[in-house]
Amino acid sequence: MEYLDFEQPVQDLMAQYDKCALVGEESGVDVKESCKKIEDKILATKKKIYGNLTPWQRVQLSRHPDRPYTLDYIKGIADEDSFVELHGDRNFGDDPAMVGGLIKINGESVMIVGTQKGRTTKERQHRRFGMSNPEGYRKALRLMKLAEKFNIPIVTLVDTPGAYPGLEAEERGQGEAIARNILEMCQMKTPIITIIIGEGASGGALGIGVGNRVYMLENTWYSVISPENCSAILWRSWEYKETAAATMKLTAPDMLKEKLIDGIIPEPLGGAHYDPKQTFENVKEVILKDIKTLSKHSGDRLMKDRQEKFIDMGEFKG
């Protein structure tokens, strides 16, 4: 387990607990009571830290290297051996930063699409840290159109710092690919459920983020720009990233308050990486509930509701 700076008290207590357990194992002395006291202290410290997180600390948690990624969620929520991954945009190539395919959840067929980061340095480079090229968005659109053809619900999982900003991405039409996805998703006549599982940044997130229901996990963020880049634009420095994070209202509670999302999916104490299995169950429960509800609606109503949902976000009072 890796620990962030503000998690240092938890790390110290965990080290004490491990040392206590080791002493008991090596000496044969009964240290259960001592270890239990440390366990209680760990729980109390976690509640204190994670119950009072700042927006910037939530941003840090959303990027935690141990946090589950899209393929982890697919494995965690899909029926055993049901995932059939689909590749390529039938135009240029296959983008490893965008993954997707057909799965079954409790016997229910679902098309799942999401951005995928990497664990190792080599895999991070291969998947470009979850930043998709145009062919990734076109692959996502191909899969979603396939789902619409057979009236299969769509689930999109968002975890990206943004679309890939490289020269080759611009040459192949990055902006057009994202805009096309937004347009096409607004017109689809099958249920779409979007869940922010980590970072939800800029058009890179919106390219697969137009859903009938949009959720955020508890320790995620969703915004047009990252706190660091916002700080760089406003103050010419990354030093004000914490101030930017607090000002931008990018956390799940902020987004729910502004009615930009439909709900918050709870995470285990400390974040999704502390208990991935429980996180998967929480996500699975939301998906199945919404599929059951949305599948009762006609395609035309799903399309209309989705369009009105996003159009309403542009309303303001003078």
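Each remark here, short or long, concerns the structure printed above.
As a convention, each chain's residues are numbered from 1 in the sequence order in which they are written. Predicted model: local features are reported for residues with pLDDT of at least 70 only, side-chain atom pairs are reported and counted for 80 or more only, and whole-chain, interface and lining totals are derived from all residues. Each side-chain value is derived from all of the structure's non-hydrogen atoms; neither hydrogens nor water enter the calculation.

Caption draft 1: Molecular detail of the nonpolar core. Only buried Ala, Val, Leu, Ile, Met, Phe, Trp, Tyr and Cys residues count toward a nonpolar core, and they belong to the same one when joined by side-chain atoms within 4.5 Å. Buried residues are those whose accessible area, probed at 1.4 Å on protein chains only, stays under 20% of the maximum for their type, while exposed residues exceed 50% and partly exposed ones sit between those limits. By size, the foremost hydrophobic cluster in this structure holds 29 residues, and its most contacted members are Val113 and Tyr222. Helix numbering and strand numbering both begin at the N terminus, where a helix is a DSSP run of H or I of at least 4 residues and a strand a DSSP run of E of at least 2. Elements with a contribution of two residues or more to this core: strand 3 (108–115), helix 6 (134–149), strand 4 (154–160), helix 8 (174–186), strand 5 (192–201), strand 6 (213–217) and helix 12 (252–257). When near neighbours in sequence (up to four residues on either side) are disregarded, Tyr222 contacts Ile196, Gly200, Ala205, Leu206, Gly209, Val214, Met216, Leu250, Met255 and Ile261. Ile105, Leu157, Val283 and Leu302 belong to the second-largest nonpolar core, a separate cluster that totals 24 residues. We call two residues contacting when some pair of their heavy atoms lies within 4.5 Å.

Caption draft 2: A look at the pairing of strand 4. Taking burial as the measure, the seven residues of strand 4 include seven buried ones, the bulk of the element. Pairing analysis gives four bridges linking strand 3 to strand 4, with the strands arranged parallel. Of the residues in strand 4, the one forming a bridge with Val113 is Thr156. Pairing between strand 4 and strand 5: six bridges, direction parallel. Across the sheet, Thr160 pairs through a bridge with Gly200, a residue of strand 5. Paired strands, as defined in this entry, are two strands with at least two bridges between them according to DSSP.

Caption draft 3: The environment of Gln187, seen in detail. Here Gln187 shows up in the loop between helix 8 and strand 5. Along the backbone, Gln187 and Lys304 are 117 residues apart, and their C-alpha atoms lie at a distance of 8.1 Å. Every residue in contact with Gln187, bar those within four places of it in the chain, is listed here: Glu148, Met303, Arg306 and Gln307.

Caption draft 4: Representation of the pattern of salt bridges in the model. Throughout this description, the term salt bridge denotes a Lys or Arg side-chain nitrogen within 4 Å of a carboxyl oxygen of Asp or Glu. Applying the stated criterion across every chain yields a total of 20 salt bridges. Note that Arg63 and Glu228 form a salt bridge whose closest N and O atoms lie 2.6 Å from each other. Of the two residues, Arg63 is situated in the loop between helix 3 (55–62) and helix 4 (70–77) and Glu228 in helix 10 (residues 227–235); the sequence distance between them amounts to 165 residues. Since its relative accessible area comes to 28%, Arg63 is described here as partly exposed. Of the charged contacts, one joins Asp72 and Arg119 as a salt bridge, the two residues approaching to 2.8 Å between their closest N and O atoms. Here Arg119 lies in the loop between strand 3 and helix 5 (121–126) and Asp72 lies in helix 4, a separation of 47 residues in the sequence. Using a relative accessible area of 29% as the deciding quantity, one classes Asp72 as partly exposed. Taken together, the shared-partner salt bridges in this structure form one network comprising Arg138, Lys145, Glu148, Glu176, Arg180 and Glu184.

Caption draft 5: Just helix 4, in detail. Listing the buried residues of helix 4 in full gives Thr70, Tyr73, Ile74 and Ile77. Down the axis of helix 4, the sector holding all buried residues measures 100°, keeping them to one side. Looking at the packing, one finds that the buried side of helix 4 touches strand 2 (98–105), strand 3, strand 4, strand 5, strand 6 and helix 13 (276–294). Directions drawn from the helix axis to the C-beta atoms are what define this arc.

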